[in-house]
Amino acid sequence: MHPNTLLHPLTLRRAEAADLEGVLTLLADTAEWLYSRGVRQWPRGGFGPERIEPLIEERVLFLLDDELSFLSPDEPAPPVATIALDGHADPEFWTPADDPAAGLYVHKLAVSRAWSGSGLGEALLDWAGAMAYGSGLTWLRLDCAKENPRLQGYYRHCGFHHLRTVDLPHRASGALFQRPAEDTAITAFRDLSSAELIVA
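Rules used in this analysis
Residues numbered from 1 in each chain as written. Predicted model: local features only at pLDDT ≥ 70, side-chain atom pairs only at ≥ 80, totals over all residues. Heavy atoms only, no water. Helix = DSSP H or I, 4+ residues; strand = E, 2+ residues; numbered from the N terminus. Buried < 20%, exposed > 50% of the residue type's maximum accessible area, 1.4 Å probe, protein only. Phe/Tyr/Trp six-rings, centres within 6.5 Å; stacked < 30°, edge-to-face > 60°. pLDDT = per-residue confidence, 0-100. Contact = heavy atoms within 4.5 Å. Pairing = 2+ DSSP bridges. Right-handed = clockwise from strand over helix to strand, strands pointing away. Patch = residues over 30% accessible without salt bridge, like charges linked within 9 Å, V, L, I, M, F, W, Y side chains within 5 Å. Areas by Shrake-Rupley, 256 points an atom, 1.4 Å probe, with all protein chains shown as cover. Salt bridge = Lys/Arg side-chain N within 4 Å of Asp/Glu carboxyl O. Lys, Arg positive; Asp, Glu negative; His and termini not counted. Charge placed at Lys NZ, Arg CZ, Asp CG, Glu CD. Core = buried A, V, L, I, M, F, W, Y, C linked by side-chain atoms within 4.5 Å. Axes fitted to C-alpha atoms, helices over the stretch in contact; angles between N-to-C directions. Parallel < 35°, antiparallel > 145°, perpendicular 65-115°, else oblique. Left-handed = near helix turned anticlockwise from the far one by under 90°. Nonpolar A, V, L, I, M, F, W, Y, C, P; charged D, E, K, R; others polar.

1. Quick word on the environment of Ala18
Step number 1: The topology assignment puts Ala18 in the loop between β1 (10-14) and α2 (20-36).
Step number 2: Among the residues examined, Ala18 registers a relative accessible area of 76% and is labelled exposed.
Step number 3: As for Ala18 and Ile56, which are separated by 38 residues in sequence, their C-alpha atoms are 9.8 Å apart.

This is the structure in structure tokens:
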């Protein structure tokens, strides 16, 4: 774990409407970083509010905050990381044979570049897997860019199995990954999110 996680206590919580600007900034910064490396996973410039507001309203978008940022309330701090977790299986990717209802799906996973290499992405995936397990589901699933072997290697390193790649000309994503849901203890951050069952 990165030293920052020891010096800066972190808290996971559900995103609220007031968090929209910070989330958009984090996702835009991440998208630009991806583009600088030739990866077209997300739209350049990030996502518009119309893509993120529904996730906040549905209570499926989670933010990781640096608790020390609250010591300077006059300077709003963007989240350290973000992840959406829900039961929405993209019908262009996941077929009835996959039993889409058997898993939870990760979307919009992003970690601030200042926290790159901290292990927070892995910790959030472990948390998501524990949420799926606690909901009585079998799988934690995601899709990622077809043409990004480095990212695919990252997910393999995190214990995901490449199920298949769906090559649709209008979608940059399409590499499908899953791993069994597991009840994993999370020590990288305090979880203030509700343990309620997540529904799409």
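2. Considering the packing of aromatic side chains
Step number 1: Within the structure shown, the criterion is met by 6 aromatic pairs.
Step number 2: Measuring from centroid to centroid gives 5.3 Å for Trp42 and Phe47, while their planes differ by 65°, and the two rings are edge-to-face. The pair formed by Trp42 and Phe47 is uniform in burial state, with each residue classed as buried.
Step number 3: Seen from their ring centres, Tyr155 and Phe160 are 5.8 Å apart, and the 75° between their planes marks the pair as edge-to-face. With respect to burial, Tyr155 and Phe160 carry one shared label: buried.
Step number 4: Through pairs of rings, three or more aromatic residues link up here, namely Tyr154, Tyr155, Phe160 and Phe177.

3. Quick word on the confidence of the model for the protein chain
Step number 1: Within the protein chain, residue pLDDT values average 88, and 88% of them lie at 70 or more.
Step number 2: A low-confidence stretch, residues 1-6 stays under pLDDT 50, and its non-local contacts, those more than four residues away or across chains, total 12 contacts.
Step number 3: With pLDDT under 50 throughout, residues 195-200 is counted as low confidence; its partners more than four residues away or in other chains account for 13 contacts.

4. Concerning the pairing of strand β4 (residues 103-111)
A regular strand places its side chains so that they alternate between the two faces of the sheet.
Step number 1: Across the 9 residues of β4, 9 count as buried, placing the element largely inside the fold.
Step number 2: Both strand β3 (residues 81-86) and β4 contribute to a ladder of 5 bridges, which runs antiparallel. Along β4, the bridge assignment pairs Ala81 with Val111.
Step number 3: As paired elements, β4 and strand β5 (residues 139-145) share 3 bridges and run parallel to each other. Residue pairing across strands places Leu104 opposite Leu140, the latter belonging to β5.
Step number 4: The parallel pair β4 and β5, bridged by helix α4 (residues 120-134), forms a crossover whose chirality is right-handed.

5. Things to note about a negative patch on the surface
Step number 1: Together, Glu50, Glu53, Glu57 and Glu58 line one region of the surface with negative charge.
Step number 2: Inspection of the secondary structure puts Glu53 in helix α3 (residues 49-57).
Step number 3: Relative accessible area serves as the criterion here: at 36%, Glu53 is assigned to the partly exposed category.

6. So, the nonpolar core
A general feature of soluble globular proteins is that nonpolar side chains tend to end up buried together.
Step number 1: Leu85, Val106, Trp127 and Phe189 are the most contacted members of the largest nonpolar core, which totals 32 residues.
Step number 2: The dominant element in this core, judged by the number of residues it contributes, is α4, at 8 residues.
Step number 3: If you look at the next biggest cluster of nonpolar residues, it comprises 19 residues, including Ala15, Ile52, Leu63 and Ala84.

7. Remarks on the packing of α2 against α3
Step number 1: At their nearest, the axes of α2 and α3 sit 10 Å apart, and the two run at 125° to each other. Considering their axes alone, α2 and α3 lie oblique with respect to each other. Along this stretch, α2 crosses α3, giving a crossing that reads as right-handed. Touching Leu20, Val23, Leu24 and Leu27 of α2 are Pro49, Ile52, Glu53 and Ile56, all from α3.
Step number 2: Of the residues in the contact of α2 with α3, the class split is 7 nonpolar, no polar and 1 charged.

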